[in-house]
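What follows is each chain in one-letter form.
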Amino acid sequence: MLTRKQHKLLFFIDSHLKQTGFSPSFDEMREAMGLRSKSGIHRLISGLEERGFLRRHHHRARALEVIQLPEMKEELPTNVIRGSFTRQKQDPVKIPLYGRIAAGLPIEAMADTSNTLSIPADMLGSGDYYALEVAGDSMIEAGILDGDQVIIKKSDQAENGQIIVALIDGQEVTLKRLRRKGNMIALEPANARYETRIVPAERLVIQGHLAGLIRQY
């Protein structure tokens, strides 16, 4: 059973993961919960771990995994929510693996449709998806490392702040965070060693936004 604060934090983390593919930072969680310090977030996360709702991957930045979500039960006290420990297994889904994408400098897209990647079905929602392998280190502060396989949801639209696959001038592809500035688009890295690239909107096509990430050790 969860307290209301634990429930609120768990659903915030789950929503953030589904939207961005990554865990929220402790500052983002603190602001979402209206807390003054990070210590309260640490206590809530520890409680969620102990109850089997959340898994924390140590030695990795921003690496929280939602194991399950609770079910609401009307008969429970107002400050408690019961958790359901049943989870239906689903067969893996194969999506196209198109090759390497630069997380440093833009490179030409590799459209090899003969390769596929098997991923858990619960990583995907509705719509079409594909995978790319990351080349470079410009997104490391967002938890995206060289060699990671990113799951991309196909879309020509994205919100400010989302990590996107951007096609520049019809031939260069890069993975960056999107910021719109009037009729210009800023492609922001997540590494202080790299500069933001700004291009006119008409030179850029959004080919999808980040939906998940797979890393092999």
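As named in an unreviewed UniProt entry, the protein chain is LexA repressor, taken from Acetobacter lovaniensis. Check the Subunit (unreviewed entry) section of the UniProt entry for the protein chain; it says "Homodimer." Taken directly from UniProt, the Catalytic activity (unreviewed entry) text for the protein chain runs: "Hydrolysis of Ala-|-Gly bond in repressor LexA."

(A) Layout of the pattern of salt bridges. Applying the stated rule across the entire model yields eight salt bridges. For R30, the salt bridge identified is with D27, shortest N-O distance 3.8 Å. Here R30 pairs with D27, and both are found in helix α2 (residues 26-33), just three residues apart, close to one helical turn. A salt bridge links R193 to D137, with the nearest nitrogen and oxygen atoms 2.8 Å apart. Of this pair, R193 sits in the loop between β12 (184-188) and β13 (197-200) while D137 sits in the loop between β8 (129-135) and β9 (149-153); the two residues are 56 residues apart in sequence, bridging distant segments of the chain. Its relative accessible area of 63% is what places R193 among the exposed residues.

(B) The arrangement of the pairing of strand β14 (residues 204-214) in detail. Within β14, nine of the eleven residues are buried, leaving the element largely enclosed by the surrounding structure. Strand direction decides the pairing type here: β9 and β14, joined by five bridges, are antiparallel. When the sheet's bridge partners are listed, V150 is paired in β14 with L213. In this structure, strand β10 (residues 163-168) lies alongside β14, joined through five bridges in antiparallel fashion. For L167, the partnering residue across the bridge sits in β14 and is V205.

Rules of the game
Residues numbered from 1 in each chain as written. Predicted model: local features only at pLDDT ≥ 70, side-chain atom pairs only at ≥ 80, totals over all residues. Heavy atoms only, no water. UniProt positions renumbered as here; feature names shortened; annotations may be inferred. Salt bridge = Lys/Arg side-chain N within 4 Å of Asp/Glu carboxyl O. Helix = DSSP H or I, 4+ residues; strand = E, 2+ residues; numbered from the N terminus. Buried < 20%, exposed > 50% of the residue type's maximum accessible area, 1.4 Å probe, protein only. Pairing = 2+ DSSP bridges.

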